Amino acid sequence: MADKKADKAVKAVKSAAKKMKTGAAKKRAAVKKQIAEKRTANPNTVKSNRLKLLITVVGRSKAEYFMDLIQSFKVNMQMVALANGTADAKMLGLMGLSGNNEKAVIFSVIQEEKIPAALVALENKFNTLKDGKGISFTVPLTSVIGALIYGFLSDNRLMVKESK
């Protein structure tokens, strides 16, 4: 009699465990499905109009000119840091380069689709301007805090609220 009760208890426990496993599996599948749906339908996910940081290193005397050129690509934020080149005057003389070692590093936040045109324009100016040598490259921005800041940086005037 005790064995039958024990067997029934064991079967009941196994049945409950099986139900819990299938229930947990169903819940896991439902959660995975919800996560997948949120990833594909998230309105905050930006697929186009992504932002990148454009870094341009030029001579100090040409920094303002290049900032104006970059500004023409609807760049709302730029910052300039003054710098010095790494080679000393003796090394520059050995390579046949001018002794001007003073540089400006321009940091600009630019929309991803405007980068090819901006880089072509910069390369053109690097090759044609007297003392306009420089280098330019981009770094992706993975996130920006706040929709209004993103709207400002991406030059999306519809997102930026006007102050009253």
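All figures in this text were calculated on a predicted structure; none of them were measured in a lab.

Asker: Honestly, helix 2 (residues 63–71) in this entry has me stumped. Any pointers?
Answerer: Since one α-helical turn is 3.6 residues long, residues separated by three or four positions face the same way. Those residues of helix 2 that sit buried are Ala63, Phe66, Leu69 and Ile70. Seen end-on, helix 2 carries its buried residues on one side only, within an arc spanning 125°. Exposed and oriented more than 90 degrees from the buried face of helix 2 are Glu64 and Asp68. Where the residues of helix 2 are buried, they touch strand 1 (51–59), strand 2 (77–84), strand 3 (102–111) and helix 4 (115–128).

Asker: Hey, could you run me through the packing of helix 2 against helix 4 in this one?
Answerer: To describe two helices that pack against each other, one gives the angle between their axes and the distance between the axes. Contact pair helix 2 / helix 4: the axes reach a minimum separation of 10 Å and the direction vectors enclose 155°. Taken together, the axis directions place helix 2 and helix 4 in an arrangement best described as roughly antiparallel. Of the two possible hands of crossing, helix 2 and helix 4 adopt the one that is right-handed. In contact with Tyr65, Phe66, Leu69 and Ile70 of helix 2, helix 4 contributes Ala121, Leu122, Lys125 and Phe126. Its residues assigned to classes, the contact of helix 2 with helix 4 comprises seven nonpolar, no polar and one charged.

Asker: Can you walk me through the sheet that holds strand 3 in this structure?
Answerer: Backbone-to-backbone hydrogen bonds join strands into a sheet, with any given pair of strands oriented parallel or antiparallel. Pairing is antiparallel across the open sheet formed by four strands, whose spatial order is 2-3-1-4. For this open sheet the edge positions go to strand 2 and strand 4 (134–140), each flanked by a neighbour on one side alone. Recorded for the sheet is a direction-independent mean angle of 20° between the axes of neighbouring strands. In this structure, strand 1 lies alongside strand 3, joined through nine bridges in antiparallel fashion. Of the residues in strand 3, the one forming a bridge with Leu54 is Ser108. Helix 2 rests against strand 1, strand 2 and strand 3 of the sheet, and its axis sits at about 10° to strand 3.

Asker: Hey, could you run me through the side chain of Ser108 in this one?
Answerer: Examined against the element boundaries, Ser108 turns out to sit in strand 3. Given a relative accessible area of 0%, Ser108 falls into the buried group. Among all residues touching Ser108, those that are not within four sequence positions of it are Lys52, Leu53, Leu54, Ile70, Val75, Met77 and Gln78.

Asker: Help me understand the packing of aromatic side chains in this model?
Answerer: Aromatic ring pairs are defined here through the distance separating the ring centres and the angle between the ring planes. Within this structure, the stated rule accounts for two aromatic pairs. Here Tyr65 and Phe66 contribute two aromatic rings whose centre-to-centre distance is 5.6 Å and whose plane-to-plane angle is 85°, an arrangement assigned as edge-to-face. Taking the centre distance of 5.3 Å and the plane angle of 45° together, the rings of Phe66 and Phe126 count as tilted. Taken as a pair, Phe66 in helix 2 and Phe126 in helix 4 lie far apart in primary sequence, 60 residues in all. Phe126 gets classed as buried once you look at its relative accessible area, which sits at 8%. An aromatic cluster is built from Tyr65, Phe66 and Phe126, whose rings are joined through pairwise contacts.

Rules used in this analysis
- Residues numbered from 1 in each chain as written.
- Predicted model: local features only at pLDDT ≥ 70, side-chain atom pairs only at ≥ 80, totals over all residues.
- Heavy atoms only, no water.
- Buried < 20%, exposed > 50% of the residue type's maximum accessible area, 1.4 Å probe, protein only.
- Helix = DSSP H or I, 4+ residues; strand = E, 2+ residues; numbered from the N terminus.
- Arc of directions from axis to C-beta.
- Contact = heavy atoms within 4.5 Å.
- Axes fitted to C-alpha atoms, helices over the stretch in contact; angles between N-to-C directions.
- Parallel < 35°, antiparallel > 145°, perpendicular 65-115°, else oblique.
- Left-handed = near helix turned anticlockwise from the far one by under 90°.
- Nonpolar A, V, L, I, M, F, W, Y, C, P; charged D, E, K, R; others polar.
- Pairing = 2+ DSSP bridges.
- Phe/Tyr/Trp six-rings, centres within 6.5 Å; stacked < 30°, edge-to-face > 60°.

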